[in-house]
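Summary of the model geometry
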Amino acid sequence: MISYRKLAMRVLGHSPVSAARTARRSTAKRAAALALTAALVVGMTLPAFADTWYIDDGDISISAGETGNKVTQGSTTKENDTDTVIKSKDSSTASSNTVTIHADEGKTVNVTLDNVTINVDEGYKYGYEPNAYKTAVSVTGSGNTNIELNGNNTLTSGYGHAGLEHNKTDDSGTLTIQDEKNDDGSAKGSASDTTGSLTATGGYHSAGIGGSDKQDGQVTITGGEITATGGNGAAGIGGGAGDKYAAVGGDGDVTISGGTITATGGSLAAGIGGGLDGNGTVIITDGDITAKATGRYGAGIGGGCGEIPKGTLIGGNGTVTISGGTITEASGGYMAAGIGSGLQGLGTVTIEGDAVIKNAQGGEAGAGIGSGTRGNSEIIIRGNAVIENAESKENGAGIGSGQGDLYPDGDGMVIDLTVGNATIEGNAKIENAKSGSGGSGIGGGVIGIGNVIIRGNAQIGNATGGEEGAGIGGGALGTGDVTIEGNVTIENAQGGAGAAGIGGGAETQPDTEDTRNKVSIKSTEAGSPNITAKGGGVLNNEEAPLPGAAAIGSGSVADGATEVKSDITVEGKVTIDATGGGDVAIGDSTNGETQFSGLQVGTTITRRNAKGDDVSQPGDVVREPEKPAQPTVTPTEGAEAPSNGSVEVERPVTVEGLYVTNVLGKQITHTCTQNGTTLTIRANGIVASAHLTLGMVRTLKAQGVKTLVFTTLLSRSTTVSVDALLAAEPDAPDETAVVWTHTGPRAALTIDGADHSDLLK
């Protein structure tokens, strides 16, 4: 390190002089120089120069000091070390030395790993006692630790320890892994940007990054290229293996806001989230994520395996919030979800913002997004989120619940249904949701109920059920409760063999008189639904063949069984293209086709059975009434002619092309009378709209009408001047629509959709 005297000379612009020349100086000059040097040293703030600590030279211990870090290696201790950097002299050769970082409460330790390679894996040298083995890098304390990544770093720990270990306790601080600066220390944002990387591998029962054996883990990642692999029973990033009998450990608390992440969990654990007997709480706001569960029962992102040793579920739950970034792949193990819960856990998943899920793959009997086997789900997909593919290998829903349970109890079979609750709203887009077999595309897995709400501007591309599973609704043996409202587009809801496109799965039999497959479809202020649905066809099974099912309604049952009925409601304006897999397009085999009435103008419902026959019902198509090009006002037959005296006689008249609708857009009866130059329209409704055109108004004016009056129930009559009405849009064509609406005591008038209520008196 340069001396203070040489530093002072450099600041003055002089080069250091030799000892011989110094000796020839006068005493006065030496005294002056020393005085100046002392003044500079005392009066100036010197730049900090961080030491580089080489892991090859021994174990390193770091803690927070007053103005920097306290670093100890061997017999050397340095106080207030700033920007502590740890390196390997040769990163191709692994060191067996370790790094321990401790941050006291209220303190922060900042450390940079720069091309460090540590491997302290000694196999099972000391038997099965975790305390006998080493941790490559361990982070402890109630304070916070930030680890900056430069170059390529590799950490491998021994039995029972995480590669980069941070156990979460009641008073532990945070561990943040970041890549805020380039390898040369410069700020990000130039063509010479570099990305620091970390490869971390945990020992048996320990996470790649996070918790050790029987410990919870906490990790925050803001950047870098991260590859983390958990040992058997532990997450790639998150919790170590828990202990179901002591109910300790296993939980993983992970937040990711950037970086490229690849995480692989050991058997019974999640890729990112919980370990064995652990819950996973994962928040992702940005980054490119690949997370895999390599063994059984753990989710790709979410919960590890849940167990019930004493009647109470230990672990398994997955609470996942993704509001940005890209999930390139999230694949769950056998009986676990791709994103959500592990075996037996609750899958609580929110996907929102601009998040993109390229592939969420559930294992056998687990959902792509939702829950694992014997677990329920609570799913919200909203904002501008895009799900490119959510799929169950088999028996789970693409989006929804995993498989339920079916077992004998001595008196027969017990059906323990799972429930897939899913809400898809906003501008969310689902490109493909499917089950390999038995589960629904969106809703329930095998032996699972599907409660699904789709609303707003949501778009569904393909929702495809596996054999006996609905496209949207229930899985095999499960009912569907589906609500679709607003400007929703469903391009293809395809039921598997014997299951509805939208509604119930196959082989669902009523438990009570109130059991129904419920489907509600309606328009709102946001717009009107446009739906294409197809029922599953015949299941050719020698033991239990099934007929085809409805496109919207109920699945089918074996011959002699009692099918669950459907309860279908359609309101407002809708567009539905329904093709049944059997004889019924919309409804069920018990009651046949469901008829709808009072639908709004513009509604089109197309129905076909499996043979392609048109099975449409009255009211399926509601067209705009034809309006004559030249409307006329004519006295009603038998009406008295007006008096020649001073008192005008009110007489019934007919205004061709004028019609009145109610709140549902359905035409209702009305009357018109004329008294001199005043024409009055009367309708017996609380909410009613009179429909005219400017051409009609111009014709009425030519026939001498100067004032129009509209009268409805609960409303005062409102009046508009014909001249004022025509002057509002003088150049508009004759076909321009005029709509005059009373809503209780309120009145409104529009011309070609523009508000002109100020004309009303």
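Computed from a predicted model, the values in this text were never measured in an experiment.

1. A word on helix H4 (residues 694-702)
Here H4 has its buried residues at Leu694, Gly695, Met696, Val697, Thr699 and Leu700. Immediately downstream of H4, the backbone of Gly704 shows phi near 100 degrees, a positive value.

2. Observations regarding the sheet that holds strand E57 (residues 667-668)
Reading across from one edge, E57-E56-E60-E63-E64-E65 is the order of the six strands in this open sheet, with antiparallel pairing throughout. Edge positions in the open sheet fall to E57 and strand E65 (754-755), since each of these has one partner strand only. One ladder, built from three bridges, connects strand E56 (residues 659-661) with strand E60 (residues 687-693); its direction is antiparallel. In the strand pairing of E60, Tyr659 is matched with His691. Along the sheet, H4 makes contact with E60, strand E63 (737-743) and strand E64 (746-751), crossing E60 at roughly 75 degrees.

3. Here we look at a nonpolar patch on the surface
Residues Leu406, Met413 and Ile415 make up a contiguous nonpolar surface patch of about 280 Å² in total accessible area. Inspection of the secondary structure assignment puts Ile415 in strand E36 (residues 413-416). Relative accessible area serves as the criterion here: at 45%, Ile415 is assigned to the partly exposed category.

4. A closer look at the pairing of E36
Judged from the four bridges that link them, strand E35 (residues 405-408) and E36 form a sheet pairing that is antiparallel. What sits directly across from Tyr407, in E36, is Val414. Taking the residues between adjacent antiparallel strands as the criterion, E35 and E36 are bridged by four residues, where Gly410 takes a positive phi near 100 degrees.

5. What about the environment of Ala103?
As for its position among the elements, Ala103 is in the loop between strand E6 (99-102) and strand E7 (108-114). A sequence separation of 40 residues divides Ala103 from Ser63, and the C-alpha atoms of the two residues are 5.6 Å apart. With near-sequence residues (within four places) excluded, Ala103 lies in contact with Val109, Thr140, Gly141, Ser142, Gly143, Asn144 and Thr145.

Thresholds, definitions, all that
- Residues numbered from 1 in each chain as written.
- Predicted model: local features only at pLDDT ≥ 70, side-chain atom pairs only at ≥ 80, totals over all residues.
- Heavy atoms only, no water.
- Buried < 20%, exposed > 50% of the residue type's maximum accessible area, 1.4 Å probe, protein only.
- Helix = DSSP H or I, 4+ residues; strand = E, 2+ residues; numbered from the N terminus.
- Pairing = 2+ DSSP bridges.
- Contact = heavy atoms within 4.5 Å.
- Axes fitted to C-alpha atoms, helices over the stretch in contact; angles between N-to-C directions.
- Patch = residues over 30% accessible without salt bridge, like charges linked within 9 Å, V, L, I, M, F, W, Y side chains within 5 Å.
- Areas by Shrake-Rupley, 256 points an atom, 1.4 Å probe, with all protein chains shown as cover.
- Salt bridge = Lys/Arg side-chain N within 4 Å of Asp/Glu carboxyl O.

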